[in-house]
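Examination of the molecular architecture
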Amino acid sequence: MRIVAIANQKGGVGKTTTAVNLTAALAERGLRVLLIDLDPQGNATSSLGLQEMEDGSLYDSLLGGSSVTEKILPTRFAGAFVIPADLDLAGAEVEIARMDDHLTRLAQALAILRKDETFDFVLLDCPPSLGILMTNALAAADELLTPIQCEYFALEGLVKIVHLVERVRDSGTNRRLEIGGIVMTMFDGRTNLSAQVVTEVRDHFGDRVYQTVIPRTVRLSEAPSFGKSIFEHAPNGVGARAYRALGDEFVRRHQEIIPS
C-alpha cells in the first residue's frame, strides 16, 4: 500500500478535483483506493455525493479514539472508498497541536491500513494551508502529489511546499517522503501564459512533472455541484479524458508496486 498526499497550500488549484477524479480513475482500473478527506470544508466528501456525517471524519482517530477502519465508507465506484470530512477536523488542528506526538498522529492512525494492505493506494486530500493537518499528511505519506495551476505564481507556491517536504524529511519525522509528481491544472490553451508556466515548471522539476495536463473546463468546475466525478458528469468530455490519462500515467509510474 502506498500513501499519497495530494497537497498545495494555495487554494483553488484543482487539488480536490484531482483527488476525487484520480481516485475514480484508479478504481476504474480495478485498483482498491481509499480517499481520505482531511479538509474541514469537506469538498471531496460532497464531490462524491456524500453529506457531512456526525462523527464520520478522522477526528476521533487522530485523537486516539476509534479506529480508522470504522470510518471507511463505500462510494459509487467499485473499489473506491472514502473517509469523509466534517468541521470537527478544524478543532483537531488545535487539539493535536497540544500533543507531544502532534506530527505523527495521522501516521499512527493509518498504521493499521499498512498492516492489512486492504488498499493499493490511500490518497489524502489535504486542506489548503500549512497547518497541522497538512503536516500530519506529509508525515504519514510515502509521496506528495502537487496540483499546480497554470498561472504566474505557480512556481512560488511550489517552492514553498518543496521546502516543507525537505523540513519534514530532514527533521526525521518522515525520511521516506518524496515528491512523487506535479500535475499542471487549469491549462488554458488559448493563452501563452499557460504554456509558458508548464515549460518553466518542467525546466525546474523535470520528470517529476506529469506529462498529462488538466485543462480548464466548465464540466470539471460544475461536476462537484452535482456530487459527481467527471466520469459520471461528462464521461466523454475533455476533462474525463484528461483524468483517465492521468490515471494511466499514475499507474505507469507505480507499476512496480501494483499487484498484477
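Up top is the structure these notes are about.
The following paragraphs examine the structure supplied in this document.

Okay, the packing of aromatic side chains next. Taken as a whole and judged by the stated rule, the model has 2 aromatic pairs. With a centroid separation of 5.7 Å and 65° between ring planes, the pair formed by Phe 81 and Phe 119 is classed as edge-to-face. A residue pair is termed long-range when its members are at least 10 positions apart, and Phe 81 in strand 4 (residues 80-83) and Phe 119 in the loop between helix 5 (105-116) and strand 5 (121-125) qualify at 38 residues. In this structure, Phe 81 and Phe 119 share a single accessibility class: buried. Their ring planes at 65° and their centres at 5.1 Å tell us that Phe 121 and Phe 250 sit as a pair that is edge-to-face. Taken together, the positions of Phe 121 in strand 5 and Phe 250 in helix 11 (residues 238-253) put the pair 129 residues apart, joining distant regions of the chain. Positioned above the aromatic ring of Tyr 210, the side-chain terminus of Arg 253 is 3.8 Å from the ring centre.

Let us now look at the environment of Leu 58. In this fold, Leu 58 is placed in the loop between helix 2 (43-47) and helix 3 (59-62). A relative accessible area of 1% places Leu 58 in the buried class. On a C-alpha basis, the gap between Leu 58 and Leu 89 in space is 7.4 Å, while along the polypeptide they are 31 residues apart. Residues within four places of Leu 58 in sequence aside, it is in contact with Ile 36, Leu 38, Val 68, Lys 71, Ile 83, Pro 84, Leu 89 and Leu 106.

Below, the discussion takes up a nonpolar patch on the surface. Side chains of Tyr 152, Phe 153 and Leu 193 sit close together on the surface and give an oily, nonpolar patch of about 360 Å² of accessible area. Considering the arrangement of structural elements, one finds Leu 193 in helix 8 (residues 192-205).

Here we take up helix 7 (residues 154-170). Its 17 residues give helix 7 an end-to-end C-alpha distance of 24 Å, which sits within 8% of 24 Å, the value for a rise of 1.5 Å per residue. Of all the residues in helix 7, the buried ones are Ala 154, Leu 155, Gly 157, Leu 158, Ile 161, Val 162, Leu 164, Val 165 and Val 168. In this structure, the buried residues of helix 7 make contact with helix 6 (132-140), strand 6 (143-149), strand 7 (178-187) and helix 8. Gly 172 sits one or two residues past helix 7 and shows a positive phi near 85°.

Right, let's talk about the pairing of strand 1 (residues 2-6) for a bit. Burial analysis of strand 1 places 5 of its 5 residues in the buried class, the great majority of the element. Side chains Arg 2, Val 4 and Ile 6 of strand 1 all project onto a buried face; the interleaved residues Ile 3 and Ala 5 project onto the opposite face, where all are buried too. When strand 1 meets strand 5, the two strands line up parallel, connected through 5 bridges. Bridge pairing in strand 5 links Val 4 to Leu 123. Here strand 1 pairs with strand 6 via 3 bridges, running parallel.

So, about the sheet that holds strand 8 (residues 209-215). Strand order in this open sheet of 8 strands is 3-4-2-5-1-6-7-8, and the pairing throughout is mixed. Whereas interior strands pair on both sides, the edge strands pair on one side only; in this sheet they are strand 3 (73-74) and strand 8. In the packing of helix 1 (residues 15-28) onto the sheet, the strands contacted are strand 1, strand 2 (33-37), strand 4, strand 5, strand 6 and strand 7, and the crossing angle to strand 5 comes to about 165°.

For the rest of this paragraph, the subject is the packing of helix 4 (residues 88-97) against helix 6. Viewed as axis vectors pointing N to C, helix 4 and helix 6 meet at an angle of 75°, and their least axial separation amounts to 9 Å. Our classification of the angle between helix 4 and helix 6 gives roughly perpendicular. For the pair helix 4 and helix 6, the contacting residues are Leu 89, Glu 93, Ile 96 and Ala 97 in the first and Ile 132, Leu 133 and Asn 136 in the second. Here the contact of helix 4 with helix 6 is composed, by residue class, of 5 nonpolar, 1 polar and 1 charged.

Here is what the cut-offs are and how they apply
Residues numbered from 1 in each chain as written. Predicted model: local features only at pLDDT ≥ 70, side-chain atom pairs only at ≥ 80, totals over all residues. Heavy atoms only, no water. Phe/Tyr/Trp six-rings, centres within 6.5 Å; stacked < 30°, edge-to-face > 60°. Helix = DSSP H or I, 4+ residues; strand = E, 2+ residues; numbered from the N terminus. Buried < 20%, exposed > 50% of the residue type's maximum accessible area, 1.4 Å probe, protein only. Lys NZ or Arg CZ within 6 Å of the ring centre and 35° of its normal. Contact = heavy atoms within 4.5 Å. Patch = residues over 30% accessible without salt bridge, like charges linked within 9 Å, V, L, I, M, F, W, Y side chains within 5 Å. Areas by Shrake-Rupley, 256 points an atom, 1.4 Å probe, with all protein chains shown as cover. Salt bridge = Lys/Arg side-chain N within 4 Å of Asp/Glu carboxyl O. Expected span 1.5 Å × (residues − 1). Pairing = 2+ DSSP bridges. Axes fitted to C-alpha atoms, helices over the stretch in contact; angles between N-to-C directions. Parallel < 35°, antiparallel > 145°, perpendicular 65-115°, else oblique. Nonpolar A, V, L, I, M, F, W, Y, C, P; charged D, E, K, R; others polar.

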